[in-house]
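Structural overview
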Amino acid sequence: MDRAFQRTKVLTGHLLQSPPTSSFQTPSLSSNACLNYSPPELSEKYAFDISDMRKLMDGHDLEERDRLFGMITQSKVFNPRVRGGKVFVSPDYNQSMEQQREMTWKRIEYLFERGVFQGWLTGEGEEVEMRRFACFEVLGLFDHSISIKLGVHFFLWGGAIQFFGTKHHHDKWLRDTENYLIKGCFAMTELGHGSNVRGIETITTYDSNTGEFVINTPCESAQKYWIGGAANHATHTIVFSQLNINGTNQGVHALIAQIRDADGNVCPNIRIADCGHKIGLNGVDNGRIWFDNVRVPRENLLNSVADVSPDGKYLSAIKDPDQRFAAFLAPLTAGRVNIAVNAVYQSKVGLAIAIRYALTRRAFSLKPKEPEVLLLDYPSHQRRLLPLLAKTYAMSFGANYLKMLYVKRTPQSNKIIHVVSSSFKATFTWSNMQILQECREACGGQGLKTENRVGHLKAEHDVQSTFEGDNNILMQQVSKALFAEYMAAQKPNKAFKGLGLEHMNKPCPVIPSQLTTTTLRCSQFQMDVLCLRERDLLNRFVAEVSQCQAKGESKEHAFIMSYQLAEDLGKAFSDRAILQTFVEAEATLAACSLKDVLGMLRSLYALNCLEDGAYLRYGYLSVENAATVRREITKICSELRPHALALVSSFGIPDAFLSPIAFNWIDANSWSSAQH
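An unreviewed UniProt entry lists the protein under the name Acyl-coenzyme A oxidase, with Gossypium raimondii as the source organism. Of the comments in the UniProt record for the protein, the one headed Subcellular location (unreviewed entry) reads "Peroxisome".

Printed below as a string of C-alpha cells:
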C-alpha cells in the first residue's frame, strides 16, 4: 500500500510539475523545449534584388499579373481560408465533381464580369497576346481546371475560328465567344483515335440540294471523347471529321456545330454523355458527343484552308493533302505553348513550398543536446531540390522564348514553332511531374495533405503528359523534323540553318580528357557538350534509319524501329535549346550579384543534363569524368544553398497561392486552428 501511495505522489508531481516531497529524490520527467516556427526571412539573406530576378523570369505584364493576383485573393468565390494566421486560396478538392464544375464556372463568370477576358479574341497585336499569356499563367497558378476550361474556350474553339475561319466567321463568332454569349468546345479526339487525328472516323458529307453539311458518328469508336466543356456548358463545338465530297474523302476538316440551345438543352440529333470522374481536373466537364445526321449550314465549314462551293465542288489552294492536314493542326500549337508554360509555373509552386518548408523544418541533431538540423542544410536534401530549382529557372527562360516565338510568328516560322513547342511541351510537362513528386516526398507526410497543394498538383497536372499530343509521340515528331533538316543539308552548297542546328556546320566539339571546375562552369563548354550529344545522336539516328531503308523498309517503319535513338535525340535537342535560352537571358545582364547567381544556376542545369545516361551510354564522358561532374553538382548545390529563399521568392508567387507548410506550419496545425 505504501509503495502504491509513493508512486501516486510521484506521478502527481510530474503531472502538476511540483517537486517530490519524499525523503529520497526521484528525477523528474523532462522534455525538449517545444519547437517554434521561425520565418526563414529572419536568417536568410538576399544577395540580389528579387524584383529584378522576377522581371527577368516573368518577362512581361507584371502589373497585370499582380492585378489579377489581387482580384483572386480578395474574392470569396476563390475559396479563401485562414491557416496559421495567413489567408490561402485554392479550390476545395474535397467537393464533389459536380460542385467543382459549378465553382469553376462561377469563377469564370466573376472574372468575365471584371473584364479580365476583354480583347482575348477581338484584340490584335503582340501586346494583347502577351497579356493573355500572363493572365492565363496567373489563373493556372490558382487552379488547373480554370485554365483548361478557359483554354478550351479561347485557345481551341476561339483559336480554331481565328486560324481556320475567314472574315465572316470572325465577324459572326469571335465577339460573341469573348462575351460568353457562345460557349465553345473542340471536338477532335475520339474514343478510337487520339494522337492519330488522320484516323478519326466521324464523317461529314455535303447535301447540295439543301446547301448543308451532314455530320454522322458511324460507330461507337467514332464518338467524340474527352471534349472539355461538352458535358455541361458548351453551346457550340468545332467538329473534326473526314469530309466526303461526291464519294471522295478529302481528309480531316473542321466545321462549327451547335450542340445546345440558349437554355442549355441538347440540340436534336445530338447525344451527350459525361466522361465521369477523373484522377484530377474535375472542375472541367469533359463529355462525349454523338452526331446523328446533324445538319449545319455550308457557311459553317471553316474555310481558310479549303472550301466547298454551293453546287458541291471541293476547292483548296493547298493541293498536297499532307500540307492541308498540317494546316488543320495549327490551334494545337497555341495549346502546347500554354501547356508548356503552365507546367513551369506549377513546378515553381511545388519548389517554393518544398524549399520554404525545408528552411524551417528540422530533423535529427548531429550531436547530443545540439539543435536539430534544417532539412535544407543536409547535402542530400540540397541535391534533391536545388538541381530541380535550376532546371525550373532554365525552363522559365525557355518558356519566355517559346512565347515570343509564337507571338512573332510568320508563315516561315511555323515549322520551328511546331518543333520547339512539341519539344518543350514534352520536356516541361515530364519535368513538372518529376519535380512535383520530389517536392511531395521532400515534404514528408505534410506533402500528402491536399491543403498543402504539392501532392494534389501532381494529380491535377498528370494529364499534361498526354493531352494535345502524347509526349513520346511529340518527341518522335521532333526527331523526324531534325532528320528532315539533316537530309536537306546534304544537298550541294547547303548548310544547316534553322532549329538551332547551325552548330552542325562547325567542327565537332571535343571533351577534355580531364574536367576541372573551371571547365565545367564555362558556358561555352556547357553549350559545346550539349551540342556534341545532339550532333552525334542525329548522325546515329540518320544512319540507323538509312540502314533500315536500305534493307527495303519504308521510312515510317524505319522511324518506328529507331524509337530509342529518336527519344534520346528529342531530349538532346530540348536540353540544348533550353540552355541556349538561358545563356541568352544571362547575356542581357551586366556583371552583378544577380548574374553571378544565374551563372551558378546555369551551370547546375547544364551539369544535371550531363548526368543523363546518354553521356555514358554513347561514350561522351568517361566514368572518371562522370564522377567529376557528379562531385561538381554537389559543390554547386552547397554554393546555391544561401540563395535558396531568394530564388523561390523571385518567382513572384503571392503567399496566398502557396500553402500552410510554406509558412507557419505549427500554427496551421494547432488545436485552435483545427477548431476552425
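1. Considering the overall build of the protein
Along its length, the protein carries 23 helices and 15 strands. Against the compact-globule benchmark of 26 Å for 676 residues, the protein has a radius of gyration of 29 Å, which places it among compact chains. With respect to the principal axes defined by its C-alpha atoms, the protein has extents near 115 × 70 × 50 Å. Taken across its 676 residues, the protein has 54% of its residues classed as buried.

2. Overview of unusual backbone geometry
Even without being a glycine, Leu281 presents a positive backbone phi close to 65°. Following the sequence through the fold, Leu281 ends up in the loop between strand 9 (270–274) and strand 10 (286–291).

3. Quick look at the sheet that holds strand 9
Taken together, three strands build an open sheet; the order of strands is 6-10-9 and the sheet is antiparallel. For this open sheet the edge positions go to strand 6 (224–228) and strand 9, each flanked by a neighbour on one side alone. The average angle at which neighbouring strand axes cross in this sheet is 35°, direction not considered. As judged from the three bridges shared by strand 6 and strand 10, these two strands associate in the antiparallel manner.

4. With respect to the UniProt feature "active site" (unreviewed entry) in the protein
On the UniProt side, "active site" (unreviewed entry) is annotated at positions that read Glu468 here. Looking at the secondary structure, you find Glu468 in the loop between helix 12 (454–461) and helix 13 (471–488). The contacts of Glu468, once residues within four sequence positions are left out, are Leu156, Leu332, Gly335, Arg336, Ile339, Lys425 and Leu474.

5. Regarding the UniProt feature "domain: Acyl-CoA oxidase/dehydrogenase middle" (unreviewed entry) in the protein
The sites that carry the UniProt feature "domain: Acyl-CoA oxidase/dehydrogenase middle" (unreviewed entry) are, in the present numbering, residues 185–294. Along residues 185–294 one finds 0% helix and 46% strand; the C-alpha atoms at either end are 17 Å apart.

6. Observations concerning the packing of aromatic side chains
Using the criterion set out here, one finds 29 aromatic pairs in the structure. A ring pair is formed by Phe117 and Trp120, whose centres lie 5.0 Å apart and whose planes are at 70°; its orientation type is edge-to-face. A single burial state applies to Phe117 and to Trp120, both of which are buried. Chaining the aromatic ring pairs together yields one cluster made of Trp105, Phe112, Phe117, Trp120, Phe154 and Tyr180. Stacked on the ring of Phe663, the Lys or Arg Lys86 has its end atom at 4.7 Å from the ring centre. The aromatic ring of Tyr406 is capped on one face by Arg409, whose charged end is 4.2 Å from the ring centroid.

7. Here's the deal with the packing of helix 5 (residues 126–142) against helix 10 (residues 379–407)
Any two packed helices are characterised by how steeply their axes cross, that is the angle between the axes, and by the distance between the axes. One can describe the packing of helix 5 onto helix 10 by two numbers: an axis separation of 10 Å at closest approach and a directional angle of 140°. Like other packed secondary-structure pairs, helix 5 and helix 10 cross with a definite hand, here right-handed. Contacts between helix 5 and helix 10 pair Glu126, Glu129, Met130, Phe133 and Glu137 from the former with Lys403, Met404, Tyr406 and Val407 from the latter. Across the contact of helix 5 with helix 10, the residue classes break down as five nonpolar, no polar and four charged.

8. Examining the pairing of strand 1 (residues 80–83)
Pairing geometry for strand 1 and strand 2 (residues 86–89), over four bridges, is antiparallel. Within the sheet, the bridge partner assigned to Pro80 lies in strand 2 and is Val89. Between strand 1 and strand 2, which pair antiparallel in sequence order, lie two residues; one of them, Gly84, sits at a positive phi of approximately 60°.

9. Observations regarding the domain arrangement of the protein
What the domain assignment lists for the protein is domain 1 (52–164), domain 2 (185–314) and domain 3 (328–487 + 511–657). Just the C-alpha atoms count here: the centres of domain 1 and domain 2 sit 28 Å apart. If you look at the interface, domain 1 gives 16 residues, while domain 2 gives 26 residues. A buried area of about 1800 Å², summed over both sides, lies between domain 1 and domain 2, and 67% of it is on carbon and sulfur atoms. The interface formed by domain 1 and domain 2 includes two salt bridges. Here Lys149 and Asp285 are joined by a salt bridge, their closest N and O atoms 2.3 Å apart. The tally of links from domain 1 across to domain 2 stands at nine residue pairs in polar contact (both at pLDDT 80 or more). Of all the secondary-structure elements, those providing two or more residues to the side of domain 1 that touches domain 2 are helix 4 (97–113) and helix 6 (144–164). With 11 residues, helix 6 is the single largest residue contributor to the side of domain 1 that touches domain 2. For the side of domain 1 that touches domain 2, the residue count by class is 10 nonpolar, four polar and two charged.

The rules behind each value
- Residues numbered from 1 in each chain as written.
- Predicted model: local features only at pLDDT ≥ 70, side-chain atom pairs only at ≥ 80, totals over all residues.
- Heavy atoms only, no water.
- UniProt positions renumbered as here; feature names shortened; annotations may be inferred.
- Helix = DSSP H or I, 4+ residues; strand = E, 2+ residues; numbered from the N terminus.
- Rg over C-alpha atoms; globule rule 2.2 N^0.38 Å.
- Buried < 20%, exposed > 50% of the residue type's maximum accessible area, 1.4 Å probe, protein only.
- Pairing = 2+ DSSP bridges.
- Axes fitted to C-alpha atoms, helices over the stretch in contact; angles between N-to-C directions.
- Contact = heavy atoms within 4.5 Å.
- Phe/Tyr/Trp six-rings, centres within 6.5 Å; stacked < 30°, edge-to-face > 60°.
- Lys NZ or Arg CZ within 6 Å of the ring centre and 35° of its normal.
- Left-handed = near helix turned anticlockwise from the far one by under 90°.
- Nonpolar A, V, L, I, M, F, W, Y, C, P; charged D, E, K, R; others polar.
- Domains from an automatic or database assignment.
- Buried area = accessible area lost by both parts, 1.4 Å probe.
- Salt bridge = Lys/Arg side-chain N within 4 Å of Asp/Glu carboxyl O.
- Polar contact = N/O pair within 3.5 Å; in protein donor to acceptor, adjacent residues only side chain to side chain.

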